[in-house]
Amino acid sequence: MAAYSDSSANEKPHITVVRPKFLQTVDKSNTSDASSSNNDDSETPIFSKRKILLRIPKQYKGDFMHLTVSKNWLVCLLAAPPPATQVTLLRFFLLRALPPGEIALEKYLAGYKIGNLFLDYTGHHMLISLIPKSPGLLADFLYIHGNGPKVRRIEKFKDHEITSVAFNREYGTESSTGPILLGTNRGLIFETELTLEAEKPSYKKQVYDLGLGRPKYPINGLEFLRVPNTNQYLIIVAAPDYIFTFQETLRSDEKSLQAIFTGYVNGTQSHGFETAKTDLNYSVLKLYAQPGEKFASLWGWLCGSGIRHGRIAQSGITTEKFLLGDDLVPLDKDIEQRKHLSSEERRLSVPVSFVLTEYHVLLMYPDHITGICLLNQQVIYEEYFHEQMGKLLNIVRDPFTGSVYVYTEKMLFNYKICDEHRHVWQIYLGKGLYDLAEAHAGNAKNKNLVLESKAEAAIQTGNYKAAAEILADTNNAFEEVCLKFIDLQDKRPIITYLRKRLDKLPTENNEEQLMVLVTWLVDLYLTEINYPGRSKVEKEEWQIAYDEFMRQFSVVKFVRANRATIHKLIAQHADNHNLAQFAIANEDYEEVVLQHLAAEKYLDALNILRKQKDPELYYKYCPIIMEFIPHETIEVLKSQGRKFEVTKLIPTLITIDTPLHIAEVTKYLEYCIYNLCETNTSVHNYLVRLYAQHQPPKVIEYLETEGHDASLVHYDINYALCVCLQFKVHEACVFLYCLLELWYDALDVALGFDMALAKATASKPKDEETKSELWLRIVCHEIEGTNDVKKALDLLNECDLLRIEDLLPFFSDFEKIDDFKEPICKALKVYNQKIQELQHDMEECTKQSERVQNDLENIRERCLIIEGQEICNSCDTYLLVKPFFVFGCGHKFHADCLEKSVVPLLISEKSRKLTMLKQQLESMLTQSAAMAENSKELQKKREKLKHEIEGIVAADCPYCGLMIDTIDQPFVEDWDQVNVDWE
């Protein structure tokens with residue numbers, strides 16, 4: 001059989017079912033749909049039954065005994081009609097038209113009857129539990145693999161009737177079941193592993209005992225799950241009157257399931273359990289997982305009281321109580337009522353089995369199928385099976401595809417589930433579970449109904465703000481919703497509604513709606529902010545909400561396009577703060593500054609200036625602000641760094657001449673010069689003036705910092721000198737005079753207040769004559785009129801340029817010479833030494849001149865002999881064929897070869913001179929050729945030019961002189977010319 005091609009389009013993609021290629025579909029049977037009366041009669045039923053005809057080979061006749069389906073593999077047991085004892089296992093793959101696998105089982109069933117048929121999740125491993133018919137035999141079970149006809153008895157489990165199996169979804173493969181759990185009719189739980197390989201023996205481990213020695217305590221349901229993305233395992237075990245739970249976290253390399261029960265066997269852990277009063281000797285445990293998912297989300301347990309069901313915790317499981325919720329779908333007759341029924345009536349009133357779907361449970365009674373909604377326990381489907389169909393045997397679900405199958409002794413049916421969640425939203429809505437109802441509403445119309453009901457419930461409880469948020473998501477008329485909240489004293493609901501509508505409003509082609517929403521919201525916010533009697537905290541809360549609203553992108557965009565409208569609206573509320581904020585937001589800073597200045601809020605005005613980026617506003621308004629808050633103004637100016645032209649700020653800095661203002665201005669100018677490296681002369685001049693007028697000691701510090709090079713200082717030296725003279729900063733005057741090299745003026749000023757400074761000034765000139773004259777002025781200042789010999793001698797020792805003869809004129813003619821005896825003797829010795837040095841130099845000069853004269857005479861007599869086979873060192877041709885030059889080093893060159901070698905090595909100046917001389921020579925040659933005879937004067941000029949040319953070309957040997965001298969010069973000096981030549 002293949003999946004159904006007519007499955008509902010609303011079903012999830014991974015449970016799409018296609019009709020089997022080789023099975024015939026019979027017409028739908030008559031069904032009664034117990035859906036709510038308000039549903040459309042033409043609505044497709046949630047559950048619809050289709051008969052399936054399996055293509056059973058003709059040689060096999062009989063009725064179904066057991067049937068199960070997993071991963072589209074259908075396995076069934078057929079019993080031949082009496083008196084034949086033939087029992088055949090058939091295995092179909094429902095997606096392909098292939099012949100079924102066939103295995104005859106009658107030879108394994110002598111003395112036994114079949115208890116149950118189990119199929120793993122892969123559809124390849126089949127277990128058949130065998131129950132002895134006579135007391136002499138022991139219970140047994142068979143293992144069959146889907147890829148082979150071989151049937152194996154599992155001898156290790158003799159005398160154990162297997163009533164339930166928990167297959168391994170994690171480690172089970174097509175060749176091996178992996179570790180699995182087996183439950184018996186005596187309450188024992190075993191672990192084993194079954195494989196395709198017959199030679200590999202199965203192992204048997206008893207992991208837990210729930211029967212505690214009782215001869216009959218069947219385990220009717222057994223499941224184990226692994227929590228996603230963890231190594232935590234959950235075990236669920238169902239007995240007739242109890243449901244037990246176990247949980248444990250194993251090591252990542254641990255595959256054995258025995259470790260899950262170790263703590264419970266040792267007594268360190270206690271299993272969870274739920275009890276149920278029952279009159280049944282069986283129970284049924286079923287889990288529901290989305291098709292293809294390994295971890296189940298719902299659990300259901302059929303016991304005497306009905307179907308108990310709930311959710312399974314998906315994460316964060318720390319105890320054995322991971323079965324969440326315990327809702328009950330009661331049976332038509334409870335236990336007490338069933339006591340008064342006959343055995344047949346009791347049998348017909350209790351379900352035999354069931355399957356869970358996402359929102360429903362399908363109960364199989366002995367003669368009919370009932371579908372009940374798990375959310376409201378309403379019967380939505382019910383169908384009776386007549387006798388011709390055969391006795392109902394079981395209802396099963398393929399965990400891989402989610403398909404539900406029901407089989408009788410004679411027929412097989414498939415239940416198609418179509419859009420089972422269609423009415424879930426209405427159920428949740430009826431229960432007041434609005435969030436769940438909204439999540440399951442599906443289309444926009446249903447969702448709108450849910451939201452309306454949710455909002456109405458919020459209004460009934462007085463939660464108008466929540467109602468406003470909800471109604472903003474509906475498609476109800478704008479005016480209708482506004483009328484619900486407009487008269488409320490609390491404006492939060494209407495503001496909430498308007499803001500949400502604004503957020504959902506498309507920005508394009510909705511200018512009118514945008515205008516209404518934004519202006520209305522602005523008006524509401526400003527009204528609440530300025531409402532009489534508001535506390536400070538309330539005003540702050542409303543202000544924060546208003547500021548947040550005004551920062552929204554759509555609001556900002558609208559306000560920029562309608563600035564005048566919003567400005568007028570804010571002005572009508574007389575809200576100066578928000579008017580200023582609005583101006584700031586729209587970068588109209590000048591308007592804000594003017595408002596603050598008018599209100600004498602100078603600090604606020606300064607803060608606004610700091611927030612904006614236009615320096616012109618600083619130049620314009622800082623003079624006003626500086627008058628009142630100089631310190632803060634200067635700190636703001638400093639914080640802006642290089643943003644300003646300091647020269648434009650000077651009007652700000654010279655506003656008021658108070659000590660506080662002067663100190664702050666000085667601080668700012670120092671910051672500009674020393675931190676920002678300001679070089680403007682007017683700024684430096686202003687700082688010099690402030691120093692000279694208010695802090696004279698700092699003038700010389702500043703001047704020293706600027707340096708002693710007049711070409712590098714940033715202030716005007718003459719202006720600084722005038723200022724220092726005006727405010728009598730004498731030391732600075734001396735420094736500036738020295739900078740201007742006005743040594744005599746500097747000395748005159750220094751002599752007036754500091755002799756040490758005067759002496760230092762006199763020592764500064766590099767010209768010894770000037771320095772000598774300056775020291776003579778000091779001598780004159782110190783000695784003249786005093787005849788103080790000691791001072792004179794001290795001055796003589798301090799300056800090397802002074803001589804005793806320079807000091808004598810400052811003393812009277814009658815001064816005793818004894819006091820000067822030692823200096824005079826010293827001077828005479830110096831003169832004598834100099835005379836001797838001069839005599840020695842004269843003798844050396846005489847000897848040098850004689851040597852030069854001898855060398856000249858030797859040169860006149862020197863000659864070089866040139867033979868006929870001599871060649872040019874440049875072109876390697878005979879030397880005598882053309883005019884040539886011979887150098888003392890022995891190198892010989894033709895005149896033209898020499899010129900070619902030398903010209904590239906000449907500096908540009910000599911190269912230009914050589915070119916000019918050659919042009920002049922050519923001009924003279926042209927002129928002499930035109931004349932009949934050459935004059936002597938012209939010949940002399942021509943000879944002179946030749947000598948000059950030869951003086952450049954033959955000045956030195958190119959190999960021994962020029963090339964060595966020019967080795968450090970670049971090959972190319974004029975790159976611009978090179979680029980032109982290449983182009």
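Residues numbered from 1 in each chain as written. Predicted model: local features only at pLDDT ≥ 70, side-chain atom pairs only at ≥ 80, totals over all residues. Heavy atoms only, no water.

### Regarding the nonpolar core
Then comes step 1: Counting 71 residues, the largest nonpolar core has Tyr668, Tyr715 and Leu736 as its most contacted members.
Then comes step 2: Discounting residues that sit within four places of it in the chain, Leu736 has contacts with Leu703, Tyr715, Ile717, Ala720, Leu721 and Cys724.
Then comes step 3: Ranked by size, the runner-up nonpolar core spans 39 residues in total, among them Leu498, Leu521, Val559 and Leu579. (Core = buried A, V, L, I, M, F, W, Y, C linked by side-chain atoms within 4.5 Å. Buried < 20%, exposed > 50% of the residue type's maximum accessible area, 1.4 Å probe, protein only. Contact = heavy atoms within 4.5 Å.)

### Examining the pairing of strand E24 (residues 353-356)
Then comes step 1: The two faces of E24 match: Ser353 and Val355 on one face and Phe354 and Leu356 on the other face are all buried.
Then comes step 2: Examined bridge by bridge, E24 and strand E25 (residues 360-364) share 4 bridges and lie antiparallel to one another. Among the inter-strand pairings, Val355 is bridged to a residue of E25, identified as Leu362.
Then comes step 3: Here E24 hands over to E25 after 3 residues, the two strands then running antiparallel side by side. (Helix = DSSP H or I, 4+ residues; strand = E, 2+ residues; numbered from the N terminus. Pairing = 2+ DSSP bridges.)

### Examining the side chain of Thr88
Then comes step 1: If you trace the backbone, Thr88 turns up in strand E6 (residues 87-93).
Then comes step 2: Taking relative accessible area as the criterion, Thr88 reaches 2% and is therefore assigned buried.

### Structural notes on the sheet that holds strand E23 (residues 323-330)
Then comes step 1: Spatially, the 4 strands line up as an open sheet ordered E20-E21-E22-E23, and their pairing is antiparallel. For this open sheet the edge positions go to strand E20 (284-288) and E23, each flanked by a neighbour on one side alone. If you compare each strand with its neighbour and ignore which way they point, the axes differ by 20° on average.
Then comes step 2: As paired strands, strand E22 (residues 306-312) and E23 are joined by 6 bridges and run antiparallel to one another. (Axes fitted to C-alpha atoms, helices over the stretch in contact; angles between N-to-C directions.)

### Observations concerning the pattern of salt bridges
Then comes step 1: The tally for this structure, following the rule as stated, stands at 26 salt bridges.
Then comes step 2: For Glu170, the salt bridge is made with Arg226, and the minimal N-O distance between the two is 3.4 Å. In this pair, Glu170 is assigned in the loop between strand E12 (162-166) and strand E13 (180-184) and Arg226 in strand E16 (residues 221-226), connecting sequence segments 56 residues apart.
Then comes step 3: Here the residues in one salt-bridge network are Asp140, Arg153 and Lys158, joined through shared partners. (Salt bridge = Lys/Arg side-chain N within 4 Å of Asp/Glu carboxyl O.)

### Digging into the sheet that holds strand E18 (residues 242-249)
Then comes step 1: Ordered by their spatial adjacency, 4 strands build an open sheet running E16-E17-E18-E19, and the pairing between neighbours is antiparallel. Edge strands, defined here as strands with exactly one partner in the open sheet, are E16 and strand E19 (272-275). Adjacent strand axes in the sheet meet at a mean angle of 15° when their direction is disregarded.
Then comes step 2: Alignment of E18 against E19, held across 4 bridges, turns out to be antiparallel.

### Overview of a nonpolar patch on the surface
Then comes step 1: A cluster of nonpolar side chains, contributed by Ile871, Tyr878 and Val881, occupies part of the molecular surface with about 310 Å² of accessible area.
Then comes step 2: Examined against the element boundaries, Val881 turns out to sit in the loop between helix H30 (821-861) and strand E31 (884-886).
Then comes step 3: Taking relative accessible area as the criterion, Val881 reaches 58% and is therefore assigned exposed. (Patch = residues over 30% accessible without salt bridge, like charges linked within 9 Å, V, L, I, M, F, W, Y side chains within 5 Å. Areas by Shrake-Rupley, 256 points an atom, 1.4 Å probe, with all protein chains shown as cover.)

### Observations regarding the environment of Leu740
Then comes step 1: Considering the arrangement of structural elements, one finds Leu740 in the loop between helix H24 (730-739) and helix H25 (743-751).
Then comes step 2: Taking the C-alpha atoms as reference points, Leu740 and His708, 32 residues apart in sequence, are found 9.9 Å from one another.
Then comes step 3: Aside from chain neighbours lying at most four places away, what touches Leu740 is Ile717, Asn718 and Leu721.

### Examining the confidence of the model for the protein chain
Then comes step 1: Chain-level pLDDT for the protein chain is 83 on average; 87% of the residues reach the 70-or-more range.
Then comes step 2: Here residues 1-39 is a poorly scored stretch, pLDDT under 50, and it has 97 contacts once near neighbours within four places are set aside; other chains count. (pLDDT = per-residue confidence, 0-100.)

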